[in-house]
Each structure stands twice: as C-alpha cells, then as structure tokens.
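Next come the chains, spelled out residue by residue.
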Amino acid sequence: MAEPGAVSDALAAPLLEFTAEAASPDRDGARRGCPGHGAEGLFSNGGYKELSSPGVGRRSRDTSAERNQPSGNPPCGIMKNSSKQRQVRKKTVSFSSMPSDRKMNSTAACMAFMLEGCEMKKVRSNSRMYNRYFLLDPDLRWLRWEPSKKDSEKAKLEIKSIKEVRLGKKTPVLRSNGLSDQFPDECAFSIIYGDNYESLDLVASTADVVSTWVMGLRYLVSYGRHTVGVVEPSQSSVRTSWIGSVFELADIERQGHIDLFRATQIIKGLNPGMRESRIELKFKELQKAKDCYGEGIDLDTFVEVYCELCTRPEIFFLLVQFSSNKEYLDSKDLMLFVEVEQGVEGVTEEMCREIVHKYEPSAEGRDRGYLSIDGFTHYLLSSECHIFDPQHKRVCQDMTQPLSHYYINSSHNASLLEDHYWGSSDISSYVRALRMGCRSLEVVVWDGPDCEPVVYVGSSVASQLAFSKVLDIINQYAFESSEYPLILCLVTHCSVPQQRVMAQHMKKILGDKLHMEPPSLDEHYLPSPEKLKGKILLKGKRLPPDTQDSEGEVTDEEEGLEMSRRMVSMDEKDQLNGIGYKRLRLCKELSDLVTLCKSVQFRDFESSKREQKYWEICSFNEVDANRFANEFPEDFVCYNKRFLSRVFPTPMRIDASNMNPQDFWKCGCQIVAMNYQTPGLMMDLNLGWFRQNGNCGYVLRPAIMREEVSYFSANARDSLPGVSAQLLHIKVISGQNLPKPRGSAAKGDVVEPYIYVEIHGIPADCAEQRTKTVSQNGDNPIFDESFEFQINLPELAVLRFVVLDDDYIGDEFIGQYTIPFECLQPGYRHVPLQSLTGEFLPNTTLFVHVAITNRRGGGKAHKRGLSVRKGRKAREYTSTKTTGIKVVDELFRASTQPLREATDLRENVQNAMVSFKELCGLTPAANMKQCILTVSSWLLNSERSLRVTVDLSEAYPTMEAQGPVPELLRKVLTAYDTMIQTSRTLIESADSVYCKLTQAQRAGLDFHEDLHRIGAKEGLKGRKLQKAMESYAWNITVLKGQADLLKHAKGEAVDTLRQIQCAAHSCGLAKNGASTSPASPLLPPHPRPHGPLHTIPETEPPDMEPSAPH
C-alpha cells in the first residue's frame, strides 16, 4: 500500500514546473509530471505498465465486411429537448436526448433536468404503454406526469413514499413477454412506492435519461427530508475546496487568476489522457459566456471547467448509489461497494481507509476518511479494479501434470521479421518471442560457409544468422520470462559434417540446460513442466536405437520438407520417394541429443494408439489437422491426452498470416505454431490466452480433455456432459480517451466508436454482439449496453473487446483487449486497450460491469396465466447411454436415480435463489450480499416501523419479521425461507448422492481395460463396437461430471450462507448482535432423512408480482 496521499502528491507535480519559467513553459516536462491514477503507476505515461509487452495487436477487424449490421436490441424512441424526435444517420443507432453540452456530473444537474422534465413511456400491467411527460415539482416533494385521464392531483407520486428505484427490467411488468423485446434493458426503470410496494414502470428514450432520473430520485429518497441547496449549492464541498487549493498553488503571484496555458496544463496534468484542445475550448466557451474572453482564468471558471471535464457521470452515478454522505463515500460505504459489487472477500474498514488514503487527492478527504468523486475515479482506474484477476499474473495452475496435458506457447519461423518471401531474418525476433512467453521455437538450419551452419527461412538468404549466434541468444533469454522447459524444433537441411558442428555447438553453448536423460520405458506419460524446469528439449529426428554406424537415413516428412520444396532444384525434387517424403542423412551425434520429443510420421489414430511411444511427437499441417478435427474430433482429443502434437501453418500462407489457434486447442493440440511477426485477431487470441498462468508459456488443458476415460467432441455445439454452463453478463458502460485511428484522415479529429464483444472457444460458445455507434463525445463515449453469453466450456473460452471507428469509407481499428474467461474479475472494471502493435494505449480504457452466473435464463421474461402452465418446459435430466454390452448397461442403469437426485438438488436451489433475487428486484447475476442490502434499504426507507432480522445463532440463518409486513415483503420472506430450506437439503444430502455417483463411476472404470474384449465377445464389431466405446466414455464423463457439479453446488450453497451472515452484520440485520463464524455453517454431523425431492418451478406464480398504478 502506498503512503497516504500518494495520488495527491503526484497531482501537485505539474504545478511545480510552472514556477521555473513562465515565458517558455516546458510542455513535455508538464506531461512528464502528469500523475498516475494510483501509487502503483498503472496509468503513468504508458498505461498498465506491469502488463505491457512487445506483443502485437491487429490492423483491422478480419471480418468487417460481414459486420455492418448492428446486433442487439434496437433503441427506443429518440427525443430532443424532451419531446421532439430526430432522425438518425446511417449506421448510428442512438443519439442522446440531452443537449450535447449538458453533462450530468452532479446531483444539482440531475435535479435541474428533472425539474425541466421529459417525455417517457408509462407501462401498465396489461403490457400497454402510454406517452407521458414527467417532471419534478419545484418543492422536490412530488413526481408528476401529464396528460392523464386522472385528476391532476392523482397523477403524481410523493417522493417520500418511494421505497426503491430499480434500474432495468426488474419487475414482472417489465419482464412480461409482450414487452421484453420492445426496448433495451438500459432504457427501463421502475419506482417501487407505497406501503404495498406498488411499481411505476417507465421507459425512457436513452440510457442517459434513465441514469439521470434514477440518480436524482435515489438521491431524493435518501436525503429528501433534509436536502439544503441541492439545485444551487451554497457551501463549498470537499472537492471544490481541493480544486481551489490546486488553483492557489498555481497562482504564484496571488493575482486571483492564471493564464490559459497554465490552467490547461494543470487540468491535463490531473487527467493525462485528456486532449489539450478540448480543455482550451471549454475555457474559451465559458469565458465567452461570461463576457470575459481573453482574460485570465479565475477560480470560479477553473472550478467549473474542471468539474465539467473531469467528472465521469457514470462513476458519479455509481458513487451516489452507495453513498450515505451525499457526494462522497465514507469507509462503510466503500466497504459495501468493494464487498458487494466487486466481490472482494474479507473487507474491513481499515482496508477501506487505506484505499481512501491512497487514492483521495484532497488532504481534507484523507483526514476525514472520505473518498470524493475524484478519489473514487482514481480507485476504479487502478490495478485493484482491473478486469484481469491478479492471481493469474503469477503461475497459478498445477504444473505437475504430464507435458501433454498443457497448451504450449509456440512460434513458427521465429527468425522472420515479415513474410516468408520478402521478410528478413533477425536475431531480435528470437529475443522478442522468448520475452513474450514463447516455449517452443522453430530453428531452420542450412549449410553455411566455412563449415558453419546458418539459420534462415524462405528466400531470406541475404540475411542469414549464424547457428551459434542463435544458440547464444537462446541460451541467454531461454528462461528470462519463464523457468519452464523450452522446446527447440530443429528443421535440419545440413550435410552430415555440419550436423556434427551443430551438435558440438549445442553441447558447448547450452551445456547443462540441454535435456539428455533418455525416456523411461516404465512410464506412460511425459514428465511434467515442473520436473523439466530449466531444461531445453530438442524436437527432431532420431536414428533407431540399434544403429551402430555414425550416421543413418531418416525421412523428412515435416514442415521442413514443404519449405525445402520451394527452395531445392528439380534434381533434388526427383529424389522424393513415392509417398512424397525425402530421405535425409542424419549423424548419430545430433540424433542422440533428441530425447523426449522424437519426431515421427503420423499414419492414423489406430496405429498411434497401438505403436506410438509417449516420447514421440507428430507434426500436422494445418490442412490435415483441420480435416482430423472435423472428421475424427473425438479420436483427435483422445490422441492428444497422451502424445504431443504440433500444428504448423500451411506453406500456402506466404504472407505469414496466422491460423486460428482455437480450431486446434479445442482438439487438445498442445503446440500450435504462430507467426509472431504478424499482428491480428489470431495473434491476439494466442497472446491473451497464455496470460492466464503467469505468462509462463504453459496452460493446463480442461479436465474433460485430460482424463483417460472421458467423452469430449471438439465440434460440440451444445452443453457438455458434466460441465456446468456459465452465463456471462457484460455491460459496456463507457470508453475513455479513445484515440483517432492511426493514419485515418477522414472526419478530422472526430471519433465515432462502437464496440464488438466477442467470445471465442468451442463452436457452441463462439458468439459476438456489438454496441451502438456513439457520435457525440466520441473520444469519451457512453454506451450503457448489456450483453449475455452462454459459455459451455469456460476453461477454453476467451473474451475479446474490439473498438472500431464507424466510418463511411471503412471502419478503422482503434484498440482491442483479449482475456481468458477464467481470468475475469466480477464487478465494475476497467479494460485497458492495446494498439495495432500490441502496446497498451496510454490512459485508454473501457469501463464495464462483469457478472457470471451458472444459470441459463433465470432473469428472462415470464409468461403469466394458463399458457405458461401448459407450455412449461420439463426439467431436463442428464442420462446415460446404452452401450449394447449387457453387464455394463446394467451397471449404468442403476445410476439413473442418483443422477436425477443430483440434478434436483442443484436445480431446486438455483430456482429458489432466482425467485428470491427477482422478488428483491435484482437479476440472477446478483449475489446474496446485494439481496440482503436491498432488503435493508427497504426497511430504512419505510414510513412504517418495520423490523426484519436475520437470526445467525443457527447454522442455517432464518429471516424473521416483527409485526405486520407488506405483502411483497412477506413474499420475499417466504422465498428466502424456500431458498434456505433447499440449500439445507442440498448441503445435507449432497455427500450421500455424491458417493453413489462416484461408486458407479469407479465400478464402470473397472471395465475399461477389458471393454474391447467384452464387446467383441457379445458380438459387437466395427462401427457398433466403436459406438459402444464412445457411449461408455460418455457415461463415465456424465457420472464424474455430475458428481463434481454436485460437490461444487454444495460449496456454493455453503458460500451463500456465509454471504448472508456477512451481509446481515454489515447491514445491521443480525438478530441481537448474534455472531457466528462466517467461514462455514455448522453442519449437522449426519444427513437428515428426506423423502423424494419435489421440483421447484423456474417461475413464481402469477400472483407474486407487485401491482402497478393506473
């Protein structure tokens, strides 16, 4: 943790430079003094320094021609000046209804907008919508709407009667099927009011309007009875006092004003990503409005410009949501935010005070423990709120598995700077690849002058590299970025004498790093990366073990031959044998250096299963690998459980373009060789993927692709047996300091950005969605759009953000960021963007909200009435398949009941939790802490003397109400009780069901060795026998997977109880200060007896919705 005031000290740096020389200020010096957001220097001058790498980005979106059509929900009605509609231009799908110069950066601005009023749609429970003009009364006590058939005194709502303001489709009325698709989630909000918790459901023209009303109403609900000077603040805040002190420090001569250049540089120093031209323009506009154009900048003007330019409304909206102290957060507010929204465990007030001291710029705020909007912004921009989970910045996976169980970061033609024909070889390319975490390098060696082998690729003969120099570089940098083994793929085109020189160089230069231990005949798998730490493995040809001569012949059937075909003369081509492979003379001295990665020719999967040794490796041209992936997906996955396979690009890629590594990762191929010198989508995927394990070059494959007996098809287009599908909720909120695309001359400095959110993984997971184009304030756009993706195999999924500039001529690339699904942090996060060449763009980010749930469709619209009961989808149970082998089928048939029980236990808890969350006005993506916080806020805002407590004295906390409670709150209590009871049943029954499933799995595995023989004995052969083997593997996978899912569900249920305990304490709902250990509930030693499990429906009955006003 940094020293107190670290940010504040940094903020003063630009000011000190103005004291030296006013006549010719050093602009570069001022820029060098710009502060970073946070003491860790994450954003200082380069943005995210600890993550930057010499990696590559992409020049443009590969399939932009196919993506001109926007996806997602169309915008709702667009209004200008609150009433008139305006036309939208081509490709731009949303305009703000607010004037472009109006920015909601304070509650005063929100109140002013609400007093002026605007048109919105009022939604009735019969799914009909009516246009009404809504405005706030001047006395801030009533919300009114007109025209209405009602008496004007009835078409109003008293502010003090409001219990809650919900953002999005959070009531049954807005979730109803007839309305759900007519407007986006961001344009809807609901006002819950009255003792019976009725709802007023509204749809606005844009997300901006919604945010303004929600922010303003929430503020009035919290502070309405004692709000003083809201519209015209009369007293200076902590923030304005701090800005005033910054101004005084710059006003060296105490004249009461400073010049325009100095004022501009101060604000630029406080916000390094902001363009100077924008700051100057804002000062000039304000001076002109005050009839003081050309004069010095006084304090009032400076404060006004700073607040206008440096307040991000989306962050201010977030601050107001959690603030109990008007326009700043105290330690308790911050603790709720960090714990509830960011999902951080074990948060204390002391930790929050440290955050305040670290990020709050004002001395007064630090002294009083307040985090102002500026400090809150600094905190959200810091590494603590980065989207990438810091646990994955170091090696965090099990590194003791066999080498074949890992994906290995691999380079193809590492010496090239460009393509195969025109690119030159350069020694720095090896350094760059190794520093980027590459663990498999290709070295193509040819005969050189003076009996010294040389390295070059393609036609780059003019830029040959001495083989000894390449080895020197590899020896120097091999383990700089990773201590795990490096595989050198030798492609040898040398004569025997120069091969001997190669062997001598490798022994001399690489020394003890060279792995020389022969493979053990007693083992069945390769050693682990942990065991091979610090070792260099050679992949290449090896002579038969019984060879006595000093040299012998081997076939050159790999990529070296295909490259040489473009290089050798016709006479040499005539030497190719009938099957298309060239014979190569290999010296024994070089052959003996190859130990664990002996290159062999691949024939077919059946032959490999019978004959291939675990230390032998096959290389596949991408065309052949694609064919195997499509025609034999299950066989390819099984092959890669035991053997290493290397996939290299087809020689037809003369431009050194890249194949999609996901096409081969999904088959389990460990080494997918990439052209590091070529930026683009494929390289983004590769570099992003290997970040997840400390960028060490090794990533553990999904368990379903490692287990000896398991079923997985590389072309799966649905959920997988035994793998819990995840639901990813992404809200793209805003962008910061988006630059003009490099080389783009169209539209001057104007940027009109939009974003593609992409999922890459198995075919069932691949998807993309795009935001609207933002045409106003494009360098700092507000998107406010939500997307949802189902992820069937999370361990193989990658999330990618791509930002493009919408242009008539052709959309230009602005930046991208690629992150493995497993590395995502939930909550409000900033996403750093990378440039064309892979560097992180300084101060350029996206602001997003991330939530992950394990339930599909929990928050979807509900139909009501008889039609739902008729058409309700029956619960789907995972079942075993018939193998056709009687004794095996009888065994698996006995596991049917435990499989159904496991599904019921999990689904009942999930359905009960979703019902509870929706009654609380939250989505299924919400956590239990947010639910308890919501109930607590209802009680605080109630006019009645309501009292609800959570009894923590028992292992399963109960929620109790004292005295009469409103109908909705009673339903919430009932739903809570159902959730606790289903959780209790799950926790107490899970172990016995888990044992039944694992016992059935173990019994099934006993047949594994003899299954082929038993099947043949029962008359199965050919395709029928193969189908029986596949069904057997499927059944084993189902049993293990369902057992694991049940075990995980029990852990989640225990965690839910712990969240309830923590939240009850934080919100003051704990009964009589009851305290119990939040680590885990005190579970009964023996499971209680229970009868047959009853299915809990996915939807609540129709009578459980709050009523709406007419």
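So, how was this worked out
Residues numbered from 1 in each chain as written. Predicted model: local features only at pLDDT ≥ 70, side-chain atom pairs only at ≥ 80, totals over all residues. Heavy atoms only, no water. Helix = DSSP H or I, 4+ residues; strand = E, 2+ residues; numbered from the N terminus. Buried < 20%, exposed > 50% of the residue type's maximum accessible area, 1.4 Å probe, protein only. Contact = heavy atoms within 4.5 Å. Areas by Shrake-Rupley, 256 points an atom, 1.4 Å probe, with all protein chains shown as cover. Pairing = 2+ DSSP bridges. Axes fitted to C-alpha atoms, helices over the stretch in contact; angles between N-to-C directions. Core = buried A, V, L, I, M, F, W, Y, C linked by side-chain atoms within 4.5 Å. Right-handed = clockwise from strand over helix to strand, strands pointing away. Polar contact = N/O pair within 3.5 Å; in protein donor to acceptor, adjacent residues only side chain to side chain. Arc of directions from axis to C-beta. Salt bridge = Lys/Arg side-chain N within 4 Å of Asp/Glu carboxyl O. Phe/Tyr/Trp six-rings, centres within 6.5 Å; stacked < 30°, edge-to-face > 60°. pLDDT = per-residue confidence, 0-100. Left-handed = near helix turned anticlockwise from the far one by under 90°. Nonpolar A, V, L, I, M, F, W, Y, C, P; charged D, E, K, R; others polar.

### Overview of the overall build of the protein
- Counting its regular elements, the protein contains 32 helices and 32 strands.
- In the protein, buried positions account for 59% of the 1110 residues.
- Summarising the internal contacts of the protein: among those between residues at least 6 apart in sequence, 72% fall at separations of at least 24.
- With an accessible surface of roughly 45,600 Å², the protein has 49% of that area assigned to carbon and sulfur atoms.

### Let's talk about the side chain of lysine 929
- Relative to the elements of secondary structure, lysine 929 occurs in helix 29 (residues 928–940).
- Taking the relative accessible area as the measure of exposure, lysine 929 reaches 4% and is therefore buried.
- In contact with lysine 929, other than residues within four places in its own chain, are Glu339, Val340, Val344, Glu345, Gln1059, Cys1062 and Ala1063.

### A short note on the sheet that holds strand 5 (residues 162–167)
- The seven strands are arranged 4-3-2-1-7-6-5 in an open sheet whose pairing can be described as antiparallel. Lying at the two open borders of the sheet, with one neighbouring strand each, are strand 4 (156–158) and strand 5. Each strand of the sheet is rotated relative to its neighbour by a mean of 30 degrees, with strand direction disregarded.
- Examined bridge by bridge, strand 2 (residues 129–136) and strand 3 (residues 142–146) share four bridges and lie antiparallel to one another. Residue pairing across strands places phenylalanine 134 opposite tryptophan 145, the latter belonging to strand 3.
- The strands touched by helix 3 (residues 107–116) are strand 1 (118–123) and strand 2; relative to strand 2, the strand with the most contacts, the crossing angle is about 125 degrees.

### Re the nonpolar core
- With 80 residues, the main nonpolar core has Met506 and Phe636 as its most contacted residues.
- Contacts of methionine 506, omitting those with residues within four sequence positions, involve Phe467, Leu471, Leu490, Gly511, Leu514, Leu538, Leu590 and Leu593.
- One finds Ile192, Met959, Leu1039 and Ala1070 within the second-largest nonpolar core, a separate group that totals 68 residues.

### A word on unusual backbone geometry
- The phi angle at tyrosine 197 is positive, at roughly 55 degrees, despite the residue not being glycine.
- Within the secondary structure, tyrosine 197 sits in the loop between strand 6 (188–193) and strand 7 (198–203).

### A word on the pairing of strand 14 (residues 486–493)
- For strand 14, a buried count of eight out of eight residues is recorded, marking the element as mostly surrounded by other parts of the structure.
- Residues Leu486, Leu488, Leu490 and Thr492 of strand 14 are buried on one face, and the alternating residues Ile487, Cys489, Val491 and His493, pointing to the opposite face, are buried as well.
- Here strand 11 (residues 440–446) pairs with strand 14 via seven bridges, running parallel. Residue pairing for strand 14: valine 444 is matched across the bridge by valine 491.
- Between the parallel pair strand 14 and strand 15 (residues 536–540), the chain is carried across by helix 17 (residues 496–510), and the sense of this crossover is right-handed.

### A closer look at the environment of glutamine 825
- Within the fold, glutamine 825 resides in the loop between strand 28 (812–820) and strand 29 (827–834).
- Accessibility expressed as a relative area gives 13% for glutamine 825, which makes it buried.
- Counting along the chain gives 483 residues from glutamine 825 to glutamine 342, while the straight-line C-alpha distance between them is 8.0 Å.
- Other than its neighbours up to four places away in sequence, glutamine 825 contacts Glu384, His386, Ile387, Phe388, Asp389, Pro390 and Val850.
- For glutamine 825, the side chain forms a polar contact with the main-chain oxygen of histidine 386, separated by 2.9 Å.

### Considerations on helix 27 (residues 886–893)
- All of the buried residues in helix 27 are Val888, Asp889 and Phe892. The buried residues of helix 27 occupy an angular sector of 95 degrees when the element is viewed end-on, so they sit on one face. Exposed and oriented more than 90 degrees from the buried face of helix 27 are Lys886 and Arg893.
- The secondary structure elements touched by the buried residues of helix 27 are helix 28 (896–919), helix 30 (967–1005), helix 31 (1011–1017) and helix 32 (1022–1067).

### Focus: the pattern of salt bridges
- With the rule as written, the count across this model stands at 39 salt bridges.
- Between arginine 500 and glutamate 551 there is a salt bridge whose closest N-O contact spans 3.8 Å. Taken as a pair, arginine 500 in helix 17 and glutamate 551 in strand 16 (residues 551–556) lie far apart in primary sequence, 51 residues in all.
- Accessibility expressed as a relative area gives 25% for glutamate 551, which makes it partly exposed.
- By sharing partners, the salt bridges in this structure join Glu339, Glu345, Lys929, Asp1055 and Arg1058 into a single network.

### Section: the packing of aromatic side chains
- Applying the stated criterion across every chain, the model contains 37 aromatic pairs.
- Ring geometry for tyrosine 407 against tryptophan 689: centres 5.8 Å apart, planes inclined by 75 degrees, an arrangement best described as edge-to-face. Here the residue tyrosine 407 occupies a position in strand 10 (residues 406–411), and tryptophan 689 occupies one in helix 25 (residues 681–689), the gap between them amounting to 282 residues. Grouping residues by exposure puts tyrosine 407 and tryptophan 689 together as buried.
- The interplanar angle of 85 degrees and the centroid separation of 5.9 Å between the aromatic rings of tryptophan 665 and phenylalanine 690 together place this pair among those described as edge-to-face.

### So, the confidence of the model for the protein
- A residue-level look at the protein finds 78% of positions with pLDDT of 70 or above and a mean pLDDT of 79.
- A low-confidence stretch, residues 7–60 stays under pLDDT 50, and its non-local contacts, those more than four residues away or across chains, total 142 contacts.
- The low-confidence segment residues 419–423 (pLDDT under 50) makes 19 contacts with residues lying over four places distant or belonging to another chain.

### Thoughts on the packing of helix 7 (residues 260–270) against helix 9 (residues 299–310)
- The N-to-C vectors of helix 7 and helix 9 enclose an angle of 35 degrees; their axes lie 11 Å apart at closest approach. For the crossing formed where helix 7 meets helix 9, the hand is right-handed. Along its contact with helix 7, which presents Ala263, Ile266, Ile267 and Leu270, the element helix 9 presents Phe302, Val305, Tyr306 and Cys310.
- Of the residues in the contact of helix 7 with helix 9, the class split is eight nonpolar, no polar and no charged.

### Remarks on the environment of asparagine 854
- With respect to the secondary-structure elements, asparagine 854 resides in the loop between strand 30 (840–853) and helix 26 (866–871).
- Here asparagine 854 falls in the partly exposed class, since its relative accessible area comes to 22%.
- With 128 residues separating them in the primary sequence, asparagine 854 and glutamine 726 have C-alpha atoms 4.5 Å apart.
- With near-sequence residues (within four places) excluded, asparagine 854 lies in contact with Ser724, Ala725, Gln726, Gln910 and Glu1052.

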